[in-house]
Amino acid sequence: MPRVRVVQDNEQLGIMETREAQRLADEAGFDLVEVAPGADPPVVRIMDYGKYRYEQSKRERESRKSSRHSSLREVRMRVKIDEHDIAFKARTARKLLGEGDKVKISVMFRAREITHPEVGRELLDRFYERISDVANVERPPHMEGRTLSMVVMPDPKASQREQEAAPA
């Protein structure tokens, strides 16, 4: 490329020969970096490329740190479960949802219990009633072999309500 448009410190220096632009960059102690090869003429910037790459990787690390990866956690129950145990499992599910994880709630059937899947569905409904203020159903109850399961995810409105209710 014989001619390029040169930019330094967000200030255009104009269109010049590539050799002249390289000489300016060398005198300033910086690199000549092509930023818009598709432009006519191509745009190059006089900058410290090492510093630019460092700041770019720093921004990427910061954005990865702030993003939350939600995982799928599971709470298992049997058909014959006591109310206290349901309450305990619901507290566990609330804690997991509060951490931002999705929760798979499973009811496992043994032996002849499988002949009454409506009992498991009723159990899942009662369980969901206990956590419905902090969860939304992502996948409604369905059978997977001898297991009836549903997936719930954190309710974004619930976290907003918590933040509004918390004293500043």
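Residues numbered from 1 in each chain as written. Predicted model: local features only at pLDDT ≥ 70, side-chain atom pairs only at ≥ 80, totals over all residues. Heavy atoms only, no water.

Looking now at the nonpolar core. Of all hydrophobic cores here, the largest spans 23 residues; its most connected members are Met-77, Val-103, Ile-105, Phe-127, Ile-131 and Val-152. Only strand 5 (72-78), helix 3 (83-98), strand 6 (102-108), helix 4 (117-131) and strand 8 (147-154) provide two or more residues apiece to this core. With five residues, the top contributor of residues to this core is helix 3. If sequence neighbours within four positions are ignored, Ile-105 has contacts with Val-75, Met-77, Leu-124, Phe-127, Ile-131, Leu-148, Ser-149, Met-150 and Val-152. Counting seven residues, the second-largest nonpolar core is a separate cluster that includes Val-4, Val-6, Val-44 and Ile-46. (Core = buried A, V, L, I, M, F, W, Y, C linked by side-chain atoms within 4.5 Å. Buried < 20%, exposed > 50% of the residue type's maximum accessible area, 1.4 Å probe, protein only. Helix = DSSP H or I, 4+ residues; strand = E, 2+ residues; numbered from the N terminus. Contact = heavy atoms within 4.5 Å.)

On to the pattern of salt bridges, then. Taken as a whole, this structure holds 11 salt bridges when the rule is applied. One salt bridge in this structure joins Glu-27 and Arg-23, with 2.2 Å as the shortest N-O distance. Of this pair, Glu-27 and Arg-23 are both found in helix 1 (residues 18-28), four residues apart, which corresponds to roughly one turn of the helix. Look at Arg-23 and you get partly exposed, because its relative accessible area is 38%. Residue Arg-139 is joined to Glu-144 by a salt bridge in which the shortest nitrogen-to-oxygen separation is 3.2 Å. Judged by relative accessible area, which is 31%, Arg-139 ranks as partly exposed. According to the relative accessible area criterion, Glu-144 is partly exposed, its value standing at 32%. (Salt bridge = Lys/Arg side-chain N within 4 Å of Asp/Glu carboxyl O.)

On to the sheet that holds strand 3 (residues 31-36). Taken in spatial order, the four strands line up as 2-1-4-3 in an open sheet, and their pairing is mixed. The open sheet terminates on both sides in strands that have one partner only, identified here as strand 2 (11-17) and strand 3. Sheet twist, expressed as the mean angle between neighbouring strand axes with direction ignored, is 35°. In terms of strand pairing, strand 1 (residues 3-8) meets strand 2 through six bridges, oriented antiparallel. Bridge pairing links Val-7 to Gln-12 in strand 2. The sheet contacts of helix 1 involve strand 1, strand 2, strand 3 and strand 4 (43-47), and relative to strand 2 the element is tilted by about 130°. (Pairing = 2+ DSSP bridges. Axes fitted to C-alpha atoms, helices over the stretch in contact; angles between N-to-C directions.)

Moving on: the pairing of strand 7 (residues 135-144). Pairing geometry for strand 7 and strand 8, over seven bridges, is antiparallel. Bridging across to strand 8, Val-137 finds its partner in Val-152. Between strand 7 and strand 8, which pair antiparallel one after the other, the connecting turn spans two residues, and Gly-145 there sits at a positive phi close to 70°.

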